[in-house]
Each structure stands twice: as structure tokens, then as C-alpha cells.
Amino acid sequence: MDTKIWDFRNIDAHLPNNEEMQEIKTIYEEGGLIALPTETVYGLGGNAKDDKAVKAIYEAKGRPSDNPLIVHIHSMKQLDNFTENISAATLTLMRYFWPGPISFIVPLKAGYLCEHVSGGLASIAVRMPSHSVGRYILQQVDLPIAAPSANLSGRPSPTLFEHVYQDLNGRVDGIINGDQSEEGLESTVLDCTVFPFKIARPGSVTKQMIETIIPNSVEAYADFDSDKPIAPGMKYKHYAPDTPLTIIRNFNKVPTKLNDWNHTAFIVPENKKDLVPKAATFISLCADSEDLKEANHNLYSILHRLDNDANISQAYIYGFDDTEASHAYMNRLMKAANQQEKEGDEL
Ligand code: TXA
Ligand code: MG
């Protein structure tokens, strides 16, 4: 299959022309797949009403079909078509956080979307992205767009056009280049079919941020690694690079143990650069050890880079102290590192 590429990196200066937009709209309407940028990660988009499109998404990603997709919208009016009985508290949160990096699981109204989107569940996850390109496309196309992260199953989520191209060129109808995703980690998924709400996947919108809007509305975190997580996607094996990866906690001194550091990468904040052994490769995670936003933004592109660098045979990556704000980063990192951790003074 030929994959068409659109370069919309400069959308604030130049809107796509009518011909380009019509082409994109027609592909979605006819059940084709186009990957599009969002502020979290790139999504592999298809018309959520179209059986053919939804089946093609699962196929292109190699994804198990019991793992439901998030439906992306541009306006809350679209919700009336395929959801029902959304609580007043949920609507309040939607109005506050959307457009933005949080998905809400709400009761599904049957009959409008293709059945496979929700993997047979009675609920549906919805999100309104804020990315200028992603949002513009959703507005122009005006369809509910199902979009999982635009990676092959088992690979890291894509935060750059190049990552999507590497995984999906030849497997989808098109890819829209909209620059690097600002957030860098997938959205928070909040289960609003129960009250108190439950966080099914941690993201940059935290329990604390939600409870600032509605006090005491979020139950303690679900156990993400249990056999029965709320979000079916959390039970599947997640991406770990081929290069063995170890989390390094409390990295406060230069390693003293004798070691051949030649093929080792240290992925740490720039203010820890002086602690990295001279023979090792320093990879900047963020400017300083407080800068979680930047660490989230960079994480997946660094993981992509590890697998593409033949010179690196093992890597240590900086672990933040466990706080509400570091929850999403550490959740992804524990999976990528297969739970391997070390204290700084063990090195
Ligand atoms: O940031 C994001 O959310 C990105 C961008 C593209 O929007 N999308 C994304 O989609 O990460 P995906 O399919 O890779 O992850 C969706 C997660 C999965 O863990 C899935 O199991 C869960 O949301 N999920 C979706 N619908 C659900 C439902 N009705 N009940 C429980 N979990 C659901
Ligand atoms: Mg994914």
C-alpha cells in the first residue's frame, strides 16, 4: 500500500488547502486509515462508525481485538450520538480539561459506532485532543475518529512523525506530520462509569488535579499490573527496548565500582551529567532533576533512539522519587525496564 505523507508542521502559518483536506476527509469517510498528531502521542485514526476502518486499525497495529480504542472528538455535541447517562461530575471535568490529555470512560449508547471499537464493552473511552493539527483535522473531518497510539503493538508509542513512519509506512493510507508531541506520554484514562472515579491509566492529568475541580472524586489508584486492570490495554506486555534498561534511583554520586562503561548509556538530567562515567554515553533526559514535564516529553523518543544505536549495549535511566506528578513517567518506565532498578550507590 502506498502511504501518503502530509506535512502540516507549520499549520499556524498555513492552513492545509481545500484539496488536501478533501482528500483526507474522503479517505476517512471511505474507511481508510490516517495517522495524525496529538499532544500526547501520534494516533492511528480511522472512522469509529465504520467496521472496515476499525478492523483495519487492529490489523495494521497487530493489536488484540479485545483491547478497546479511544474515540477522538472535536466537540462535546458529538457525545450525544454514542454515549448516554454521563454524570454531571464527568461533564464538569470534560469542560475543564478538554481539549487536553485526558480520556473519559463513559456509558456507551449502542447503535452508532461500530461494535468493535469498544471491544464488546458497554462503555467507551473518549478524548478531545488539543494539538493544533490534530484538532483542526478532527473539526474538518467531523467524524468520531478511533485512534490508538500509532505504533505496532509491542513498540513504544510514537511522539515524532519519524517513529510513525518507521512502524506504519506501507501499512496505512496516510501519515500527517505535525511535529513532536508536546506531552509525550499517553493520556490519563479516567473510568467515569463508577463513583468515585478510577484512574485506569496514569497520565499528566493527575488525581490531585482532578480533585482540585471535584474534591474526593478519585479513588486510590487501581493496581495497574493486576490480571484484571480496568483498561484491558494495561494487561498486555509492554514495550521494553532490546538494550537492557535499568532504572537508577537516588543517582547522587559518581559510580565507583570498576566497570567497562564503553557501551553504556546514562539517561539522566543535565544537572547530573558530571556524575556520568567519562567512558559512558550521556543522554539528556531533561534540564534538571525536577523537570518531569520535559522527561515525559523526551522519554519515548529516547527509547526509540536506544534501539537504533548499535553502540549502546546497556542503559541506566533516571528514576524520579515516587510522587503524584511522577506517577505516569514511572509507570511507563517500570514496564520499559522490566521492573529492574538500582540505587545510585550500588554502581
Ligand atoms: O493519548 C492517548 O490516549 C493516545 C492518543 C492517540 O490519543 N491514544 C492511546 O490509545 O493511547 P491506546 O489505544 O493505545 O490506549 C487506550 C487505552 C488502552 O489501555 C485501553 O485498554 C483503554 O484505554 N480503554 C479504552 N476503552 C476502554 C474502556 N471502555 N474501558 C476500559 N479501558 C478502555
Ligand atoms: Mg498504545
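Residues numbered from 1 in each chain as written. Chains lettered and ligands numbered in written order. Predicted model: local features only at pLDDT ≥ 70, side-chain atom pairs only at ≥ 80, totals over all residues. Heavy atoms only, no water.

1. Overview of the site of ligand 1
And step 1. Neighbouring ligand 1 are 25 residues, the closest being Thr40, Asn67, His72, Ser187 and Gly233.
And step 2. A distance of 2.9 Å separates an oxygen atom of ligand 1 from a polar atom in the side chain of Arg63.
And step 3. When ligand 1 is considered free in solution it has 680 Å² of accessible area, and contact with the protein chains removes 96% of it.
And step 4. Top element by residues in the shell around ligand 1 is strand β6 (residues 123–127). It accounts for four residues.
And step 5. The class makeup of the residues in the shell around ligand 1 is 13 nonpolar, eight polar and four charged. (Near = heavy atom within 4 Å. Polar contact = N/O pair within 3.5 Å; in protein donor to acceptor, adjacent residues only side chain to side chain. Areas by Shrake-Rupley, 256 points an atom, 1.4 Å probe, with all protein chains shown as cover. Helix = DSSP H or I, 4+ residues; strand = E, 2+ residues; numbered from the N terminus. Nonpolar A, V, L, I, M, F, W, Y, C, P; charged D, E, K, R; others polar.)

2. Let's talk about the pattern of salt bridges
A side chain with one charge can pair with a side chain of the opposite charge if their charged atoms come near.
And step 1. This structure, assessed with the given rule, holds ten salt bridges.
And step 2. Between Asp51 and Lys55 there is a salt bridge; the shortest N-O distance is 3.4 Å. Residue Asp51 and its partner Lys55 are both found in helix α2 (residues 51–61); the two are separated by four residues, about one turn of the helix.
And step 3. Residue Lys55 is classed as partly exposed on the basis of its relative accessible area of 45%.
And step 4. Linked by salt bridges that have partners in common, Arg249, Asp322 and Glu341 make up one network. (Salt bridge = Lys/Arg side-chain N within 4 Å of Asp/Glu carboxyl O. Buried < 20%, exposed > 50% of the residue type's maximum accessible area, 1.4 Å probe, protein only.)

3. Focus on the domain arrangement of the protein chain
And step 1. Each assigned domain of the protein chain is listed here: domain 1 (4–213) and domain 2 (245–346).
And step 2. If you average the C-alpha positions of domain 1 and of domain 2, the two centres end up 30 Å apart.
And step 3. At the interface, 23 residues of domain 1 touch 15 residues of domain 2.
And step 4. Across the interface of domain 1 and domain 2, roughly 1600 Å² is buried in total on both sides, 55% from carbon and sulfur atoms.
And step 5. Among the residues of domain 1 in contact with domain 2, Pro156, Leu185 and Pro202 are the three that bury the most area, contributing 35% of the side total.
And step 6. Taken together, the connections running from domain 1 to domain 2 amount to one salt bridge.
And step 7. The salt bridge involving Glu186 is made with Arg332; its shortest N-O contact spans 2.8 Å.
And step 8. Counting the contacts that link domain 1 with domain 2 gives nine residue pairs in polar contact (both at pLDDT 80 or more).
And step 9. Looking at the side of domain 1 that touches domain 2, the elements that each hand over two or more residues are α6 (161–168) and α7 (207–213). (Domains from an automatic or database assignment. Contact = heavy atoms within 4.5 Å. Buried area = accessible area lost by both parts, 1.4 Å probe.)

4. Some details on the sheet that holds strand β8 (residues 174–177)
And step 1. If you trace the ten strands from one edge of the open sheet to the other, you get β1-β8-β2-β3-β7-β4-β6-β5-β9-β10, paired in mixed fashion. On the outer flanks of this sheet lie β1 (4–7) and β10 (198–201), each paired with one strand and no other.
And step 2. Relative to β6, strand β5 (residues 102–107) is paired through four bridges, and the arrangement is antiparallel. In the strand pairing of β6, Val106 is matched with Ile124. (Pairing = 2+ DSSP bridges.)

5. Observations concerning unusual backbone geometry
And step 1. Across the junction of Trp98 and Pro99, the peptide omega takes the value -10 degrees, indicating a cis bond.
And step 2. Here Pro99 shows up in the loop between α4 (88–97) and β5.
And step 3. Even without a glycine there, the phi angle at Asp179 is positive, about 70 degrees.
And step 4. Residues other than glycine seldom take positive phi values, yet Asn216 does so here, at roughly 55 degrees.

6. Quick look at the sheet that holds strand β15 (residues 341–343)
And step 1. Pairing is parallel across the open sheet formed by five strands, whose spatial order is β13-β12-β14-β11-β15. The open sheet has two free edges, formed respectively by β13 (281–284) and β15, since each of these has just one partner strand. This sheet shows a mean twist of 25 degrees between the axes of neighbouring strands, independent of strand direction.
And step 2. The pairing of strand β12 (residues 264–268) with strand β14 (residues 314–318) spans four bridges and is classified as parallel. Considered in β14, the bridge of Ile267 is made with Ile317.
And step 3. Across the sheet, helix α8 (residues 292–308) lies against β11 (245–249), β12, β13 and β14, angled at about 150 degrees from β13, the strand it touches most.
And step 4. Along the sheet, helix α9 (residues 327–336) contacts β11, β14 and β15; its crossing angle with β11, the most-contacted strand, is approximately 135 degrees. (Axes fitted to C-alpha atoms, helices over the stretch in contact; angles between N-to-C directions.)

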